[in-house]
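Summary of structural features
If you want the building blocks of each chain, they are given just below.
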Amino acid sequence: MTADERSGCLTQIMRVLGLKSAPEKKVESVVTSSEVTYPYHLRDNFLSKAELYFYHVLVKAVGDDKVICPKVLLRDVLYVSDKKNNMDAFYRISQKHLDFIVCDSRSMDPLLAIELDDASHQQIGRNSSDEIKNNALESAGLPLLRIKAARGYDVTELRAKLTTTWLAPKQIALVTIADENNLTTAPSCPKCGSKMVLRTATQGERKGEPFYGCSTYPQCRGIVHITTAVK
Ligand SMILES: [Zn+2]
């Protein structure tokens, strides 16, 4: 019985009972579970042959304390500050993915992104996508290695390239303030430029001490330690 037939029956019963039916409301079509289809199939090519071959070389090159994630959506790694006003920037990256990211195995913090550039990178239309990825990652401060797909790779050479990339020193900003009771002027986040809020460290060697944390935490864990000039 359709919704229309049901409402027809109800109108008849109400007419018999001498009741007026409420003004007819437009019935929205309801999708029942039997109408939902699941035409999904498991891909046999989650990674292409070239990607799979490179992946095995990469496993040897990164070492045990790193984890490799293949095919990661850029929006899983990057976020857009002030999303309301930056929707264009969000949509520019929302459907793009990175071939691999290498993470620290304990924290799963991304250390670098890797793009395996095959012959298709010579084709028209490919470069703008590459450019967006290059610029987006650069602005977010995640190093990107572009590796030309090859028949063979030198593991030692690849390891050296990776190591120099993720060992680049990370900057920790320090603000010096004369009066530690006057903490009203919050700095901007050194990582993403968002507003910062005053917090107190709950653990570590600075436990109990105030610091500025990014207001977008946990998306951004940017911090600014506060060093007092006069104690
Ligand atoms: Zn931040």
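What you are looking at is a predicted structure, and each value in this text was computed from that prediction instead of being measured.

Cut-off values and rules
Each chain carries its own residue numbering, running from 1 in the written order of its sequence. Residues qualify for local features only when their pLDDT is at least 70, as the model is predicted, and side-chain atom pairs are given and counted only at 80 or more; totals for whole chains, interfaces and linings, by contrast, use all residues. Secondary structure elements are taken from DSSP: a helix is a run of H or I of four residues or more, a strand is a run of E of two residues or more, and numbering for both begins at the N terminus. Any pair of residues counts as being in contact when their C-beta atoms, constructed from backbone geometry, are within 7 Å of one another. Exposure criterion: with C-beta atoms placed from backbone coordinates, a residue whose C-beta has 20 or more other C-beta atoms within 10 Å is buried, one with 12 or fewer is exposed, and one in between is partly exposed. Two strands pair if DSSP finds at least two bridges between them. Helix axes use the C-alpha atoms of the stretch in contact, all axes being lines fitted to C-alpha atoms, and the angles between their N-to-C directions lie in the range 0 to 180 degrees. Helix span, as expected, comes to 1.5 Å for every residue beyond the first. This arc is taken over the directions from the axis of the helix to the C-beta atoms. The predictor reports its confidence for every residue as pLDDT, a score running from 0 up to 100. We call a set of buried Ala, Val, Leu, Ile, Met, Phe, Trp, Tyr and Cys residues a nonpolar core when their C-beta atoms link them within 7 Å.

Some points on the overall build of the protein
Counting secondary structure elements, the protein contains six helices and eight strands. From first element to last, N terminus to C terminus, the protein shows the α and β order α-α-β-α-α-β-β-α-β-α-β-β-β-β. By sequence separation, contacts in the protein at least 24 residues apart represent 55% of the contacts at least 6 residues apart.

So, the environment of K191
With respect to the helices and strands, the residue K191 is situated in the loop between β5 (174-177) and β6 (196-200). Given 18 C-beta atoms within 10 Å, K191 falls into the partly exposed group. Aside from chain neighbours lying at most four places away, what touches K191 is G141, C214, C220 and G222.

Here we look at the sheet that holds strand β1 (residues 66-73)
Strand order across the open sheet formed by four strands is β1-β2-β3-β4, with mixed pairing between neighbours. Here the strands that pair on one side only, and so sit at the sheet edges, are β1 and β4 (144-148). Pairs of neighbouring strands in the sheet enclose a mean axial angle of 30°, with direction left out of account. The strands that helix α2 (residues 49-62) touches are β1, β2 (97-104) and β3 (110-117); relative to β1, the one it contacts most, it runs at about 150°.

What about the pairing of β2?
With seven bridges joining them, β1 and β2 adopt antiparallel strand pairing. Note on β2: the bridge partner recorded for K66 is D104. In this sheet, β3 lies alongside β2 in antiparallel orientation, the contact comprising four bridges. Bridge pairing in β3 places C103 opposite P110.

What to know about α2
Two residues of an α-helix separated by three or four positions point the same way, owing to the 3.6 residues in each turn. For α2, built from 14 residues, the straight-helix expectation of 20 Å at 1.5 Å per residue is met to within 8% by its first-to-last C-alpha distance of 20 Å. The set of residues buried in α2 consists of F54, L58, A61 and V62. Along the axis of α2, the buried residues cluster in a sector spanning 75°; they form a single face. Exposed side chains of α2 directed beyond 90 degrees from the buried face belong to K49, L52, H56 and K60. Taken from the residues just after α2, G63 is the one with a positive phi, measuring 90°.

Points about the environment of P210
Take P210: it is sitting in strand β7 (residues 210-214). Residue classification places P210 among the partly exposed residues on the basis of 14 C-beta atoms within 10 Å. On a C-alpha basis, the gap between P210 and R199 in space is 5.6 Å, while along the polypeptide they are 11 residues apart.

As for the confidence of the model for the protein
Per-residue pLDDT for the protein has a mean of 80; in total, 73% of the residues score no lower than 70. Confidence scores differ between elements of the protein, with β5 showing the lowest mean pLDDT of 45 and β1 the highest of 97. Below pLDDT 50 for its whole length, residues 1-11 participates in five contacts with residues either more than four positions away or in separate chains. Note on residues 169-180: pLDDT under 50 across the span, and 19 contacts to partners over four residues away in sequence or across chains.

Some points on the nonpolar core
Core analysis: the largest hydrophobic core is formed by 18 residues, its most contacted members being F100, V102, A113 and I114. Mapped by element, the contributors of at least two residues to this core are α2, β2, β3 and α5 (126-140). M196, Y212, I223 and V224 belong to the second-largest nonpolar core, a separate cluster that totals seven residues.

A closer look at the pairing of β3
The turn linking β2 back onto β3 is made up of five residues, and M108 within it adopts a positive phi angle of 60°. Across five bridges, the pairing between β3 and β4 is parallel. Its bridge partner being in β4, E115 is matched across the sheet by R146.

A word on the environment of L47
Mapped onto the fold, L47 is located in the loop between α1 (3-16) and α2. In this structure L47 comes out as partly exposed when scored by C-beta crowding, with 16 C-beta atoms within 10 Å. Along the sequence, L47 and P70 sit 23 residues apart, while their C-alpha atoms lie 8.2 Å from each other. Every residue in contact with L47, bar those within four places of it in the chain, is listed here: L52, Y55 and P70.

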